[in-house]
Amino acid sequence: MAMKLKRGLSIILLLVCHCVCMAQYDQLIKYVNPLIGTDRMGYTYPGATVPFGSVQLSPETDTLPYEVNGKYNKDVYKYCAGYQYQDNSIVGFSHTHFSGTGHSDLGDFLIMPTVGLLRLNPGTAADPESGFRSEFSHVNEVAEPGYYMVKLEKYNVLAELTATTRVGVHQYTFPKSDNAHIILDAVYGIYNYPDKNVWTFMRVENDTVVTGYRQTNGWGRTRTVYFAMVFSKPFKEYGWQNNSKKQVYRGFWRKFDQTKNFPEMAGTQVRAYFDFNTTEGEKINIRFAISPVSMANALTNLREETPKPDFYAIKEKAQNQWEQELNKIVIEADKETKQNFYTAVYHAYLSPTIYMDVDGSYRGLDQNSHFGGTNYTTFSLWDTYRALHPLLNLIQPGRNNDMIISMLAHYDQSVHHMLPVWSNSANENWCMIGYHSVSVIADAVVKGSHKGMGDHQWFNANAALNACIATAKHKNYDGLEYYMKLGYVPEDKSGASVSKTLEYAYDDWCIAQIAKTLERYDVYTEFIKRSANYKNVFDPSTGFMRPRMSDGSFKKEFNELNTDEPGFIEGNTWNYSLYVPHAPDSLIKMMGGKKRFVKHLDSLFTMQLPDSFFAHTEDITRDGIIGNYVHGNEPSHHVAYLYNWADAPWRTQERVRMIMQKMYRPVPDGLSGNDDCGQISAWYIFSAMGFYPVAPGSSHYDIGSPCVNAAVLYLENGKTFSIKAKNQSSKNVYVQKIELNGKELDRLYIKHDEIMNGGELVFHMSDKQK
């Protein structure tokens with residue numbers, strides 16, 4: 001008992017000391033600009049949310065459909081987050097969004113305040129007057145962590161948004177009017193198409209409370225979201241627009257006029273409106289809660305998280321949550337670097353998202369209700385295993401552990417008995433390649449995070465390994481049967497074969513590392529052998545990875561520069577040939593030795609890739625390319641660090657600093673590509689501090705070149721790790737010497753335990769190569 005009391009007092013004292021230290025710094029949320037990444041390719045949203053929140057309440061600036069005349073509409077790609085900075089009208093504010101993804105869904109339950117003539121179609125960007133959308137100006141727009149504000153010019157209405165984990169909170173300031181309306185649009189959706197809405201149901205409980213649900217068939221094909229909506233003021237009248245297709249069977253609902261003041265509505269294309277009289281400057285507050293389980297749970301979420309409609313108190317709480325999260329890493333740097341850094345931290349902490357109600361219930365992959373710890377969804381694993389999850393494993397291992405438990409629950413509920421590939425809202429959407437859940441699990445096991453601390457529920461490492469093995473042996477998945485039989489994926493049997501072979505090999509290495517840590521050496525032997533399969537797609541005659549056919553021959557037609565080339569996904573062989581993060585020494589040897597490898601990397605960064613070679617790959621644009629190196633997409637994120645293995649660390653240092661300078665800027669178009677649920681941002685966070693996890697599943701972080709003057713990591717175990725970059729500047733990018741706890745470091749990596757034990761890492765910087 002005394003030991004527990006002493007430990008509890010120590011934790012309290014540490015938190016008090018941390019708060020005192022925080023007081024010495026400026027508030028960090030002022031350096032976050034949620035508008036960064038909203039222009040061009042970043043595909044982030046500017047709206048209000050809390051860290052890892054279920055609700056992302058944000059504006060929509062267009063209603064482009066997914067298809068036109070039965071064909072994919074390429075312009076819809078710009079609206080993966082619903083908002084594009086270059087647009088000048090807003091359609092409304094919906095409650096769910098992905099951050100930075102290159103494919104999309106969500107946009108649930110759009111709300112729009114209007115004044116005057118009631119219009120129940122959104123209109124078009126070319127003719128805003130044709131519908132309920134409104135013009136806006138960035139002059140009258142504010143985006144902060146946990147808060148968004150904009151003036152809707154058409155109606156002279158000030159819109160303000162904030163959020164809790166499960167509740168979006170709206171505040172609309174109206175002019176004097178006898179014709180004020182609030183529209184609830186359940187037709188709208190991101191990546192929408194006519195049959196996407198499977199069913200919508202709404203009911204008016206009383207003159208301030210509305211509940212309902214919507215089921216959609218999109219990226220998640222059986223996705224259901226329940227809601228509860230509470231107005232701060234009774235509406236005087238309400239009505240419905242139901243543009244659903246005529247059904248063969250319609251029952252006996254014809255007995256009623258369902259269009260006005262009828263308390264329920266169901267269909268596939270439903271909009272509702274609520275009418276008010278308003279005085280000049282009157283504020284109408286809406287609390288809108290969502291649930292994966294039921295309307296009753298949504299109402300409970302609302303009452304628990306927002307018991308009172310105090311907009312500014314809710315906003316303050318949301319921003320305090322962000323301040324607390326941002327303060328887990330405190331840096332010293334110039335203003336622009338702070339803006340880049342803390343906006344990157346903000347974006348990194350948007351997902352994965354909490355997917356459960358306040359009572360602990362959630363909808364599982366089997367479409368049944370389950371109870372557990374903190375359940376998460378939005379696992380964009382092809383992207384986030386590289387740096388985002390290693391960042392969480394370092395800074396927030398408890399939260400990352402809960403995410404792994406969520407992955408294992410997914411596995412238990414999966415009829416395929418597989419870990420998630422790309423999952424959201426109780427759906428596996430199978431997007432991208434690999435089985436990268438195993439990387440996230442390996443990174444936690446190898447670094448000892450699964451052992452945990454305190455009373456937290458920590459995942460079972462042996463059970464997790466069993467799930468990894470089952471996933472990696474699922475013959476029906478994406479060419480795995482051929483991979484296990486031949487040692488590579490043949491292009492004539494399964495496309496993107498080289499990318500799959502390389503990523504499977506890395507994932508197999510991760511499984512081997514888990515097995516080694518757990519002393520399951522039979523598993524280790526099997527998967528360490530599989531991890532060498534990258535060698536089977538290397539063509540010595542060209543020096544590149546190349547597609548092979550099922551008869552063992554290399555594919556004859558082969559273009560080294562084309563990013564749409566058969567054998568590869570979202571990249572060309574120049575970039576993908578370097579994807580052997582678990583065995584750089586072997587890769588360098590295969591490619592002709594260290595000197596030749598350095599020349600190869602230099603060519604990658606300095607050659608010119610003509611636009612024609614990525615014209616048909618929508619995830620790659622000129623914005624994210626340096627030479628032929630593609631930073632705007634993930635497969636090459638480790639590449640600049642590979643110089644370290646070729647005895648040219650100064651090259652890593654100058655390349656990393658160049659990438660940070662060119663690919664990250666504190667402006668709306670400041671991201672070089674899709675932020676992909678925080679991966680682009682996580683790369684910056686690590687690199688800015690001077691190290692990066694080239695091979696998650698290893699205990700090493702590889703040394704780069706810090707662009708901050710100093711940083712303090714407040715670790716979850718109560719210790720702190722300090723980083724100093726002496727004489728660092730835009731010119732002084734080269735590392736002359738590194739000291740760890742006062743002793744010179746004679747290697748180009750730092751170990752995870754060395755960080756977690758607390759201490760100090762000092763970089764001595766210069767403008768001279770060493």
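So, how was this worked out
- Residues numbered from 1 in each chain as written.
- Predicted model: local features only at pLDDT ≥ 70, side-chain atom pairs only at ≥ 80, totals over all residues.
- Heavy atoms only, no water.
- Helix = DSSP H or I, 4+ residues; strand = E, 2+ residues; numbered from the N terminus.
- Rg over C-alpha atoms; globule rule 2.2 N^0.38 Å.
- Buried < 20%, exposed > 50% of the residue type's maximum accessible area, 1.4 Å probe, protein only.
- Contact = heavy atoms within 4.5 Å.
- Areas by Shrake-Rupley, 256 points an atom, 1.4 Å probe, with all protein chains shown as cover.
- Lys, Arg positive; Asp, Glu negative; His and termini not counted.
- Charge placed at Lys NZ, Arg CZ, Asp CG, Glu CD.
- Phe/Tyr/Trp six-rings, centres within 6.5 Å; stacked < 30°, edge-to-face > 60°.
- Polar contact = N/O pair within 3.5 Å; in protein donor to acceptor, adjacent residues only side chain to side chain.
- pLDDT = per-residue confidence, 0-100.
- Expected span 1.5 Å × (residues − 1).
- Axes fitted to C-alpha atoms, helices over the stretch in contact; angles between N-to-C directions.
- Parallel < 35°, antiparallel > 145°, perpendicular 65-115°, else oblique.
- Salt bridge = Lys/Arg side-chain N within 4 Å of Asp/Glu carboxyl O.
- Core = buried A, V, L, I, M, F, W, Y, C linked by side-chain atoms within 4.5 Å.
- Pairing = 2+ DSSP bridges.
- Arc of directions from axis to C-beta.
- Patch = residues over 30% accessible without salt bridge, like charges linked within 9 Å, V, L, I, M, F, W, Y side chains within 5 Å.

Structural notes on the overall build of the protein chain
And then number 1: Each helix and strand counted, the protein chain has 18 helices and 39 strands in total.
And then number 2: For the protein chain, the C-alpha radius of gyration of 26 Å lies close to 27 Å, the compact-globule estimate for 770 residues.
And then number 3: Its C-alpha atoms give the protein chain principal-axis dimensions of about 80 × 65 × 55 Å.
And then number 4: Burial status across the protein chain gives 64% buried among its 770 residues.
And then number 5: For the protein chain, contacts bridging at least 24 residues in sequence account for 69% of all contacts bridging at least 6.
And then number 6: Only carbon and sulfur atoms are counted for the fraction: they give 50% of the accessible area of the protein chain, which is about 28,900 Å².
And then number 7: Between the mean site of the 77 positive side-chain charges and the mean site of the 83 negative ones, the protein chain shows a separation of 3 Å.

Observations regarding the packing of aromatic side chains
And then number 1: The tally for this structure, following the rule as stated, stands at 48 aromatic pairs.
And then number 2: Plain terms: the ring middles of Phe 231 and Phe 274 are 5.1 Å apart, the flat faces sit at 55° to each other, and that makes the pair tilted. With Phe 231 in strand 15 (residues 223-231) and Phe 274 in strand 18 (residues 270-278), the pair connects residues that are 43 residues apart, well separated along the chain.
And then number 3: Residue class for Phe 274 comes out buried when judged on its relative accessible area of 0%.
And then number 4: The interplanar angle of 90° and the centroid separation of 6.5 Å between the aromatic rings of Phe 235 and Phe 276 together place this pair among those described as edge-to-face. Taken together, the residues Phe 235 in the loop between strand 15 and strand 16 (237-242) and Phe 276 in strand 18 connect sequence positions 41 residues apart. Accessibility assignment for this pair places Phe 235 and Phe 276 in one class, buried.
And then number 5: Clustering of aromatic rings is evident, with ring pairs tying together Tyr 641, Tyr 664, Trp 683, Tyr 684, Phe 686, Phe 691, Tyr 692 and Tyr 701.

Points about the side chain of Asn 674
And then number 1: As for its position among the elements, Asn 674 is in the loop between helix 16 (649-663) and helix 17 (679-689).
And then number 2: A distance of 3.0 Å separates a polar atom in the side chain of Asn 674 from a polar atom in the side chain of Tyr 77.
And then number 3: When residues no more than four places from it in sequence are discounted, the contact partners of Asn 674 are Met 41, Gly 42, Tyr 43, Tyr 77, Gly 100, Thr 101, Gly 102, Asp 619, Gly 632, Glu 634 and Ile 680.

Regarding the confidence of the model for the protein chain
And then number 1: Per-residue pLDDT for the protein chain averages 95, and the proportion of residues at 70 or more is 96%.
And then number 2: The low-confidence segment residues 1-23, where pLDDT is below 50, has six contacts with residues more than four positions distant or belonging to other chains.

Details of unusual backbone geometry
A negative phi angle characterises most non-glycine residues, just as the trans form characterises most peptide bonds.
And then number 1: Ser 351 connects to Pro 352 through a cis peptide bond whose omega is 0°.
And then number 2: You can see Pro 352 is positioned in the loop between helix 4 (335-348) and strand 21 (353-354).
And then number 3: Of note in the backbone geometry, Asp 676 takes a positive phi value of approximately 50° without being a glycine.
And then number 4: With respect to the element layout, Asp 676 can be found in the loop between helix 16 and helix 17.
And then number 5: In this structure, Asn 727 takes a positive phi of about 70° despite not being glycine.
And then number 6: With respect to the helices and strands, the residue Asn 727 is situated in the loop between strand 35 (720-726) and strand 36 (734-740).

A look at helix 16
And then number 1: The terminal C-alpha atoms of helix 16 lie 21 Å apart, and with 15 residues this matches the ideal 21 Å at 1.5 Å per residue to within 8%.
And then number 2: Of all 15 residues in helix 16, eleven are buried, a share of seventy percent or more.
And then number 3: Among all positions in helix 16, only Pro 649, Thr 652, Gln 653, Glu 654, Arg 655, Val 656, Arg 657, Met 658, Ile 659, Met 660 and Met 663 are buried.

Section: the packing of helix 6 (residues 388-395) against helix 7 (residues 397-413)
And then number 1: As a packed pair, helix 6 and helix 7 sit with axes 5 Å apart at the nearest point and diverge in direction by 125°. By the angle class used here, helix 6 and helix 7 are oblique. The residues of helix 7 that touch helix 6, namely those facing His 389, Leu 392, Asn 393, Leu 394 and Ile 395, are Pro 397, Asn 400, Met 403 and Met 407.

Let's talk about the pattern of salt bridges
And then number 1: Taken as a whole and judged by the stated rule, the model has 29 salt bridges.
And then number 2: Among the salt bridges present, the one from Glu 325 reaches Lys 328, with a minimum N-O distance of 3.1 Å.
And then number 3: In this structure Glu 325 comes out as buried when scored by relative accessible area, which is 8%.
And then number 4: The shortest N-O distance in the salt bridge between Lys 594 and Asp 647 comes to 3.0 Å.

Side note on the nonpolar core
And then number 1: Counting 167 residues, the largest nonpolar core has Phe 341, Ile 441, Ile 511, Phe 605 and Leu 713 as its most contacted members.
And then number 2: Ranked by residues supplied to this core, first place goes to helix 11 (residues 497-517) with eleven residues.
And then number 3: Apart from residues lying up to four places away in sequence, Ile 441 is in contact with Ile 404, Leu 408, Leu 419, Phe 459, Ala 464, Cys 468 and Ile 514.

Observations regarding the sheet that holds strand 8 (residues 141-144)
And then number 1: Reading across from one edge, 8-9-10-11-19-15-14-13-17 is the order of the nine strands in this open sheet, with antiparallel pairing throughout. A single partner strand is all that each edge strand has here, and the edge strands are strand 8 and strand 17 (264-267). Each strand axis lies, on average, 15° off the axis of its neighbour in the sheet, ignoring direction.
And then number 2: By the bridge criterion, four bridges tie strand 13 (residues 197-204) to strand 17 in an arrangement that is antiparallel. Pairing of Arg 203 across the sheet is with Glu 264, part of strand 17.
And then number 3: The strands touched by helix 3 (residues 311-326) are strand 8, strand 9 (147-152), strand 10 (157-163), strand 11 (167-174) and strand 19 (282-291); relative to strand 10, the strand with the most contacts, the crossing angle is about 45°.

Brief notes about the environment of Tyr 504
And then number 1: Looking at the secondary structure, you find Tyr 504 in helix 11.
And then number 2: Residues Tyr 504 and Lys 246, spaced 258 residues apart in sequence, show a C-alpha to C-alpha distance of 48 Å.
And then number 3: In contact with Tyr 504, other than residues within four places in its own chain, are Gly 434, Tyr 435, Tyr 477, Asp 478, Leu 480, Tyr 483 and Val 489.

Some remarks on the pairing of strand 33 (residues 700-703)
And then number 1: In this structure, strand 32 (residues 691-692) lies alongside strand 33, joined through two bridges in antiparallel fashion. The partner of Tyr 692 across the bridge, within strand 33, is Asp 702.
And then number 2: Sheet analysis places strand 33 next to strand 38 (residues 749-751), joined by three bridges and oriented antiparallel. Paired with Tyr 701 across the strands is Ile 750, a residue of strand 38.

A closer look at the environment of Ile 395
And then number 1: By the secondary structure assignment, Ile 395 is in helix 6.
And then number 2: Leaving out residues up to four positions away in the same chain, Ile 395 has contacts with Lys 328, Ile 329, Tyr 349, Leu 713 and Glu 716.

Description of helix 12 (residues 521-530)
And then number 1: Within helix 12, burial applies to Val 523, Phe 527 and Arg 530. Along the axis of helix 12, the buried positions cluster into a sector of 45°, meaning they face one direction only. Exposed positions of helix 12 whose direction lies more than 90 degrees from the buried face are Asp 522, Thr 525 and Lys 529.
And then number 2: Buried positions along helix 12 lie against helix 9 (461-472), helix 10 (480-486) and helix 11.

Observations concerning a positive patch on the surface
And then number 1: Side chains of Lys 246, Arg 250, Arg 254 and Lys 255 sit close together on the surface and give a patch of like positive charge.
And then number 2: Take Arg 250: it is sitting in the loop between strand 16 and strand 17.

Some words on the sheet that holds strand 25 (residues 379-380)
And then number 1: An order of 25-26-27 is seen for the three strands of this open sheet, with the pairing classed as antiparallel. Both outer strands of the open sheet, strand 25 and strand 27 (427-428), are each paired with one neighbouring strand and no more.
And then number 2: Bridging between strand 25 and strand 26 (residues 422-424) involves two bridges; their strand directions are antiparallel. The residue bridging Phe 379 from the neighbouring strand is Ser 423, located in strand 26.

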